[in-house]
Amino acid sequence: MTLITYARNLARLLAPYRGTAVLVGILLGVDVLFSAAWPLSFKYLIDHITRAGDPRFLTIAVAALFGAVLVASLAAVMRDYGYAVLGSWVLRDVRRSVFEHLQKMSLAFFMQNRGADLLARFSSDLALLDAAITSSIAGFLLGAAGIAISAALLFYLEWHLACLTVFGLVLCVLLPRPLVRAATESSYRIRQLEADVGVAAQENIGSQPVIKAFGLGDHFTAHFARLTENLAGQSVRFKFLTNLVERVPNVVIIVFEVMVMGLGLIMVAHGQRTLGTIIAFHGVFLNVVYSVQTFTLVMPSLIQSVGGMQRVEELMHEPPGITDAPGARALPPLKDSIRFGDVSFSYGGEQRQLEGVTLAISRGSFVAFVGASGSGKSTLFNLLLRFYDTTSGSVTFDGTDVRDATVASLRGHMGVVFQNNHLFDISLRENIRMGRPEAGDEDVETAARQAEIHDWITSLPQAYDSPAGESGARLSG
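Residues numbered from 1 in each chain as written. Predicted model: local features only at pLDDT ≥ 70, side-chain atom pairs only at ≥ 80, totals over all residues. Heavy atoms only, no water.

1. Focus on the sheet that holds strand β1 (residues 337-345)
And then number 1: As summarised here, the arrangement of the 4 strands in space is β2-β1-β3-β4, forming an open sheet in which the pairing is antiparallel. Bordering the open sheet on either side are β2 (354-362) and β4 (400-401), each of which pairs with just one other strand.
And then number 2: Along the sheet, helix α13 (residues 377-384) makes contact with β1, β2 and β3 (392-397), crossing β1 at roughly 115°. (Pairing = 2+ DSSP bridges. Helix = DSSP H or I, 4+ residues; strand = E, 2+ residues; numbered from the N terminus. Contact = heavy atoms within 4.5 Å. Axes fitted to C-alpha atoms, helices over the stretch in contact; angles between N-to-C directions.)

Below, the structure is given as structure tokens:
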């Protein structure tokens, strides 16, 4: 992802809050104008005092400067609040959008992508975007605007020295460009490697009984060491490149500062320019130096944010595998039968898990699928719930192809007990109610009695309000 693409994506995210963004931009402009005009005021103060020495003018000018400082400081405080608001709002919207998008993804997507990698896009990748909006982008714009306005003032003060300064600024932009591209690519690679490390750590933590029982600690330690070694190597490359991105413009601008001030003092010595003009020019030049430093200091975090946004955008552009067809209708309750008609299916490889399966399940019947491991029992279940679509053939519900029905209505007619039990990290009451959110407490207790767990639940200290823990970790298997 290039910086231009990044800027476009960011503008899209900020579009709902354009009013706040414009206000923040105006406040930023106040800061830039004040910083540029501050040294310019010294030209008129020094030149006026050296010519007339009017104390009344000096008093008025100093009072005006104090007023300008107060206005600029207030604008800066308000701007900082605006950054915080925009960063928080945009991050909230992106988190919601990513989460909602994940709910639309097919089961195949979650089978093909690692959970820790997806979580990293919610946490570290989005944290980089928040940091960029809150500080990095502000510093970038402040630096860029400061350079532009200060450069214009330099031409107003002394165009010969301004031309030399602009040449230095052009070098500051051109020299780091190859480094920025390399650093951006390295940032994306780091995000990927950090996800690999997160996956390894998560898997290890969740597999401790197996690892300890079979003495696999050394094996996984060595594997984790290799992952962290790769990450460390890529981190060295990224940090070195971003440091160079920061260092090169600073070196160039310092060299040109020496040249500009040397030539300016020669002009004063020959009576070609006043001392006030050269002092003001140097003050504006220092603004340029500060703007360049601000610009370059934020580049590392901005580049990291580009890598983070690229990973988030990749996720958002993943098409949902299972969606409602145009004109899909809600299924009424089953009246006759569910049928598999000449169904074939493959999970993506050349080998098919099902080949030409035809069967019917009549309403009111009890049916069991029996077979060896890998014979396709779970695959039939996955197709029935439309976790996957058939490769060929059809699954029908009272004659309606399930692909022509809404997914919600199809699954709404199903009651499922999975091979592996799963509980959410909420109370037992809410876990039981999950299948029917509108159910009252009496309904929950009735369901628990039918499952013969009511007495056990009421024996717990918090009864139905007892937390289940992550994946039911607080309960007996």
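So much for the structure itself; the text now carries on.
2. What about the packing of helix α7 (residues 159-174) against helix α10 (residues 217-269)?
And then number 1: α10 packs onto α7 with a crossing angle of 175° between their chain directions and a minimal axis gap of 9 Å. Viewed along their axes, α7 and α10 adopt a mutual orientation that is roughly antiparallel. Here His160, Leu161, Leu164, Thr165, Phe167, Gly168, Leu169, Leu171 and Cys172 of α7 lie close against α10, whose contacting residues are Pro249, Val252, Ile253, Phe256, Met259, Val260, Leu263, Gly264 and Met267.
And then number 2: Of the residues belonging to the contact of α7 with α10, the class tally is 14 nonpolar, 4 polar and no charged. (Parallel < 35°, antiparallel > 145°, perpendicular 65-115°, else oblique. Nonpolar A, V, L, I, M, F, W, Y, C, P; charged D, E, K, R; others polar.)

3. Examining the packing of aromatic side chains
And then number 1: The tally for this structure, following the rule as stated, stands at 5 aromatic pairs.
And then number 2: Taking the centre distance of 5.2 Å and the plane angle of 45° together, the rings of tyrosine 17 and tryptophan 89 count as tilted. Taken together, the positions of tyrosine 17 in the loop between α1 (3-14) and α2 (18-51) and tryptophan 89 in helix α3 (residues 55-104) put the pair 72 residues apart, joining distant regions of the chain.
And then number 3: Owing to a relative accessible area of 32%, tryptophan 89 belongs among the partly exposed residues under this scheme.
And then number 4: Measuring from ring centre to ring centre gives 6.1 Å for phenylalanine 381 and phenylalanine 387, while their planes differ by 80°; the resulting arrangement is edge-to-face.
And then number 5: Take phenylalanine 387: its relative accessible area is 16%, and that puts it in the buried class.
And then number 6: Connected via pairs of aromatic rings, a cluster forms that spans Phe345, Tyr347 and Tyr388. (Phe/Tyr/Trp six-rings, centres within 6.5 Å; stacked < 30°, edge-to-face > 60°. Buried < 20%, exposed > 50% of the residue type's maximum accessible area, 1.4 Å probe, protein only.)

4. Regarding the side chain of asparagine 382
And then number 1: Assignment of secondary structure puts asparagine 382 in helix α13.
And then number 2: The class for asparagine 382 is buried, based on a relative accessible area of 11%.
And then number 3: A polar atom in the side chain of asparagine 382 sits 3.1 Å from the side chain of tyrosine 347. (Polar contact = N/O pair within 3.5 Å; in protein donor to acceptor, adjacent residues only side chain to side chain.)

5. Points about the pairing of β1
And then number 1: Across 6 bridges, the pairing between β1 and β2 is antiparallel. In the sheet register, arginine 339 faces β2, and the bridge partner there is alanine 360.
And then number 2: With 5 bridges joining them, β1 and β3 adopt antiparallel strand pairing. Across the sheet, phenylalanine 340 pairs through a bridge with valine 395, a residue of β3.

6. A look at the pattern of salt bridges
And then number 1: Throughout the structure, instances matching the rule amount to 10 salt bridges.
And then number 2: For the salt bridge of arginine 429 with aspartate 441, the shortest nitrogen-to-oxygen distance reads 3.5 Å. With arginine 429 in helix α15 (residues 428-433) and aspartate 441 in helix α16 (residues 441-450), the pair connects residues that are 12 residues apart, well separated along the chain.
And then number 3: Taking the relative accessible area as the measure of exposure, arginine 429 reaches 14% and is therefore buried.
And then number 4: Between arginine 429 and aspartate 465 there is a salt bridge, with its nearest N and O atoms 3.4 Å apart. (Salt bridge = Lys/Arg side-chain N within 4 Å of Asp/Glu carboxyl O.)

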